[in-house]
Amino acid sequence: MKRNLPVLLVAVFFGYAELAAGQVINDPARIEVYVTPYYNSKGPAIDVGPFSKGLAANSEPEFMATISKMKQSWDNLNFVEVYVAAIRFYDLGFRKESIYWFYSAQYRGRLLATLIDQEKMGSMGDPGFELFHAQNAFQQLVGPYINGYAFGDIDQLIPIIETVQREGKTVPDLTRIYPSVTFKKKSEWDAGNKGLNEGLTKLLTTLKDQKASIKQQRIERGMEAKFSKLPNKELPKGFGR
């Protein structure tokens, strides 16, 4: 099949239809992934710091109370916390909200990968090394689920990505969020973030221009049949952005 290049770019860059090696989606309604040591869907087992217990809660009120606390600290959340929240939103049925958290996490993770000093991130077991590889693992493993759902309604997806892009224009204090990681000089941060932010502009252009092509690819790959019937629960009052 001849594939349109902009659509191919989206597929490869954001993984909306690509599974990681060996990954199989048996149940599209629940994200089955394991990213050591932060998240294991069996349980789930979560180890991301002070929000871990609340994110793992089966009680919806306890989970939402934790989300409320996280929103109060939004600018200081690391990408791992936001990825895990996205997974839990999805599993609990708040799938539209999971898209926002997923793309926010993806942006934060890519920002770390862009600005980390790779010569000083250490090796296995060192915080910088583990986080650098975790952002890629979360993106590859979680992306096929949430993007599998999100790309089913591009008109809904576009404003969510626009929000994430707008929020990402200012670089947060990465040394505060990741105190054990060595980053490039701060004089390089704005340029690195600008390139990342402009990548979302290209994605948004492709989404707006290639809706029909993306829809057809979803049908051909079986993604439409797998994800299109998944329900979405609206957030409780007071939790909107």
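In what follows, the accompanying structure is described.

So, how was this worked out
Residues numbered from 1 in each chain as written. Predicted model: local features only at pLDDT ≥ 70, side-chain atom pairs only at ≥ 80, totals over all residues. Heavy atoms only, no water. Axes fitted to C-alpha atoms, helices over the stretch in contact; angles between N-to-C directions. Helix = DSSP H or I, 4+ residues; strand = E, 2+ residues; numbered from the N terminus. Parallel < 35°, antiparallel > 145°, perpendicular 65-115°, else oblique. Left-handed = near helix turned anticlockwise from the far one by under 90°. Contact = heavy atoms within 4.5 Å. Nonpolar A, V, L, I, M, F, W, Y, C, P; charged D, E, K, R; others polar. Salt bridge = Lys/Arg side-chain N within 4 Å of Asp/Glu carboxyl O. Buried < 20%, exposed > 50% of the residue type's maximum accessible area, 1.4 Å probe, protein only. Pairing = 2+ DSSP bridges. Expected span 1.5 Å × (residues − 1). Arc of directions from axis to C-beta.

So, the packing of helix α5 (residues 95-115) against helix α9 (residues 189-209)
Two numbers describe how α5 lies on α9: the axes approach to 10 Å, and their chain directions differ by 140°. Of the possible angle classes, the one that applies to α5 and α9 is oblique. Crossing of α5 over α9 shows right-handed handedness. Contacts from Tyr103, Tyr107, Arg110, Leu111, Thr114 and Leu115 in α5 reach Trp189, Gly192, Asn193, Leu196, Asn197, Leu200 and Leu203 in α9. Residues of the contact of α5 with α9, tallied by class, amount to 8 nonpolar, 4 polar and 1 charged.

Some words on the pattern of salt bridges
Scanning the entire structure with this criterion turns up 7 salt bridges. Among the ionic pairs, Lys208 bridges to Glu162, the shortest N-O distance being 3.4 Å. A residue pair is termed long-range when its members are at least 10 positions apart, and Lys208 in helix α9 and Glu162 in helix α7 (residues 154-167) qualify at 46 residues. Looking at Lys208, the relative accessible area reads 45%, which means it is partly exposed. Here Glu224 and Arg218 are joined by a salt bridge, their closest N and O atoms 2.7 Å apart. By relative accessible area, Arg218 is classed as buried at 1%. Connected through shared salt-bridge partners, Lys215, Arg218 and Glu224 make up one network.

Points about the sheet that holds strand β3 (residues 45-46)
One open sheet holds the 3 strands; their spatial order is β1-β2-β3, and the pairing between them is antiparallel. The open sheet is flanked by β1 (34-35) and β3, the only strands paired with a single partner. Pairing of strand β2 (residues 39-40) with β3, which is carried by 2 bridges, proceeds in the antiparallel orientation. Across the sheet, Tyr39 pairs through a bridge with Ile46, a residue of β3.

Considerations on helix α3 (residues 60-72)
An ideal rise of 1.5 Å per residue puts 18 Å on 13 residues; α3 measures up with 19 Å between its terminal C-alpha atoms. Buried within α3 we find Phe63, Met64, Thr66, Ile67 and Met70. Looking straight down α3, one finds that the buried residues subtend no more than 155° of arc, so they occupy a single side. Every exposed residue of α3 that faces more than 90 degrees away from the buried side is listed here: Pro61, Lys69 and Gln72. Looking at the buried positions of α3, the neighbouring elements they touch are α2 (52-56), α4 (79-91) and α5.

None of this, on its own, says anything about what the molecule does.
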